[in-house]
Amino acid sequence: MFELVGDKENKPFMERYMRNQFSFLGLKTPARKRQSKALIQASKRLPLNDVLAEIEALYRRDNREYQYVAIDMAYANVTRLRMVEIEKLSAYIQIKSWWDTVDTWRKVFGKYVSLHPTEKGKVFDLFYRHPNFWMRRVAITLQLLEKETLDKKLLAQAIDYDSQTDEFFIQKAIGWALRNYSKYDPEWVKTFIAQRSLSKLAVREGAKIINKLTL
């Protein structure tokens, strides 16, 4: 069985950073990636069903670093994934949920839609208007790293649906998504903010780059 070797000195600091919600081995990202490199590389030669089974086994383990390895494995195999696998993987957003895993899973789904742009709407629909707010956070941030390919209609839909939601992680996601897109199309973001009744947090985060440009 694959085992990570932790660093006890890092353990308490990493656990406190995550508000003591999860047990850590104490492995920072570079060390974790070094230790899991062979496992991740080997996964690329496995049948997809075996990869999904390995992701499941890793995700169910107690220490938080194993969830990170599971997501790394999914990302390493993203070029092999089909919509049916994406649907299965989306379920992990609701398991042991916190911003660290949710936002890392988002990279998997975001990469998938960049590879399969015609399926962006289908992936978006997995998260949009979902009862679970972490799922909806992914709908808002799904296109986070896109520029000219970003679908403004989908982004607006996701934000409008949650614009009055009190949840901090939703409002932070709205601001994050708008701020990132303002790097490419500041006028659209400026107009969008002006036409909506957004929270102070979303506006403050979303307008950071725009405000610097107008100074």
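The notes below deal with the structure included here. Just so it is clear, the structure is predicted and the values come from calculations on it, not from any experiment. Numbering of residues begins from 1 in every chain and follows the order in which that chain's sequence is written. The predicted nature of this model means local features are confined to residues of pLDDT at least 70 and side-chain atom pairs, given and counted, to a pLDDT of 80 or more, with totals for whole chains, interfaces and linings taken over all residues. With hydrogens and water set aside, each side-chain value is computed from the structure's full complement of heavy atoms.

## Description of unusual backbone geometry
Inference 1: With a phi angle near 55 degrees, N20 is a residue other than glycine that sits in the positive phi range.
Inference 2: Tracing the backbone shows N20 in the loop between α1 (11-17) and α2 (29-43).
Inference 3: Look at R129: it is not a glycine, yet its phi comes out positive at around 60 degrees.
Inference 4: Each helix is a run of H or I in the DSSP string that is no shorter than four residues. Each strand is a run of E no shorter than two, and both are numbered from the N terminus. With respect to the helices and strands, the residue R129 is situated in the loop between α7 (120-127) and α8 (133-141).
Inference 5: Accessibility here uses a 1.4 Å probe with only protein chains present; expressed as a share of the type maximum, an area under 20% marks a residue as buried, one over 50% as exposed, and anything in between as partly exposed. Overall, the relative accessible area of 52% leaves R129 in the exposed class.

## Brief notes about empty space enclosed by the protein
Inference 1: Using a grid of 1 Å spacing that covers the protein atoms alone, one calls a set of points a cavity when a 1.4 Å probe fits there but cannot get out, and a pocket when the set is open and has protein on both sides within 12 Å along at least five of seven lines; lining residues are those with an atom within 4 Å of a point. Grid points are joined across faces, edges and corners, and a volume is the space filled by probe spheres set on the points. Per the stated rule, a full pass over the model turns up one cavity of 30 Å³ or more.
Inference 2: In this structure, the largest cavity spans a volume of roughly 50 Å³.
Inference 3: Lining the largest cavity, in full, are I140, T141, Q143, L144, E146, L150, L155, A177, N180 and Y181.
Inference 4: Breaking the lining of the largest cavity down by element, the ones donating at least two residues are α8 and α10 (168-182).
Inference 5: The element best represented in the lining of the largest cavity is α10, accounting for three residues.
Inference 6: Residues are sorted three ways: Asp, Glu, Lys and Arg are charged, Ala, Val, Leu, Ile, Met, Phe, Trp, Tyr, Cys and Pro are nonpolar, and all the rest, Gly among them, are polar. Its residues assigned to classes, the lining of the largest cavity shows six nonpolar, three polar and one charged.

## A short note on helix α5 (residues 83-90)
Inference 1: Here α5 has its buried residues at M83, E85, I86, L89 and S90. An end-on view of α5 places all buried positions within 155 degrees of arc, on one side of the element.
Inference 2: As for α5, its buried residues are in contact with α3 (48-59), α4 (64-76), α6 (99-115), α7 and α8. Throughout, the arc means that of the directions going from the helix axis to the C-beta atoms. Contacts are residue-level and defined by heavy atoms, with any inter-residue pair within 4.5 Å sufficient.

## Considering the side chain of E119
Inference 1: By secondary structure assignment, the location of E119 is in the loop between α6 and α7.
Inference 2: The sign given to each residue is positive for Lys and Arg and negative for Asp and Glu; His and the chain ends receive no count. Salt bridges are identified by distance alone: a Lys or Arg side-chain nitrogen within 4 Å of an Asp or Glu carboxyl oxygen. Among buried Asp, Glu, Lys and Arg side chains, E119 stands out as unpaired, with K122 the closest opposite charge at 4.9 Å.
Inference 3: N or O atoms closer than or at 3.5 Å make up a polar contact, with two conditions inside protein: a donor-capable atom paired with an acceptor-capable one, and, for residues adjacent in sequence, both atoms drawn from side chains. For E119, the side chain forms a polar contact with the side chain of Y112, separated by 2.3 Å.
Inference 4: Each residue touching E119, except ones within four places of it in the same chain, is listed here: M83 and Y112.

## Some points on the layout of surface pockets
Inference 1: Looking at the largest pocket, its volume works out to about 400 Å³.
Inference 2: Forming the walls of the largest pocket are 17 residues, and the residues nearest its centre are T29, R32, Y68, D100 and T104.
Inference 3: At the level of elements, α1, α2, α4 and α6 are the ones that each hand at least two residues to the lining of the largest pocket.
Inference 4: A per-class count over the lining of the largest pocket returns nine nonpolar, two polar and six charged.

## Some thoughts on the pattern of salt bridges
Pairing of side chains with opposite charge becomes possible as their charged atoms draw close.
Inference 1: In the structure shown here, the tally under the stated rule is 14 salt bridges.
Inference 2: Note that K172 is salt-bridged to E205, the shortest N-O span being 3.3 Å. Taken together, the residues span a long stretch of sequence, with K172 in helix α10 and E205 in helix α12 (residues 200-206) at a distance of 33 residues.
Inference 3: Judged by its relative accessible area of 31%, K172 falls in the partly exposed class.
Inference 4: One continuous salt-bridge network, built from bridges that share partners, spans K172, R179, E205 and K208.

## A short note on the packing of aromatic side chains
Inference 1: Pairing of aromatic rings covers Phe, Tyr and Trp, the last through its six-membered ring, and needs centres within 6.5 Å; plane angles under 30 degrees mean stacked, over 60 mean edge-to-face, and all others mean tilted. Inspection of every chain in the model, using the stated rule, returns 18 aromatic pairs.
Inference 2: The interplanar angle of 35 degrees and the centroid separation of 4.7 Å between the aromatic rings of F133 and W134 together place this pair among those described as tilted.
Inference 3: Under the relative-accessibility criterion, F133 is labelled partly exposed at 24%.
Inference 4: Residue classification places W134 among the buried positions, given a relative accessible area of 5%.
Inference 5: Taken together, the ring pairs connect Y59, Y92, W105, F109 and F127 into an aromatic cluster.
Inference 6: Only when the NZ atom of a Lys or the CZ atom of an Arg is both within 6 Å of the ring centre and within 35 degrees of the ring normal do we say a charge sits over the ring. It is R61 that lies over the ring of Y66; its NZ or CZ is 3.9 Å from the centre.
Inference 7: Cation over ring: R64 sits above F22, and NZ or CZ is 3.6 Å from the ring centre.

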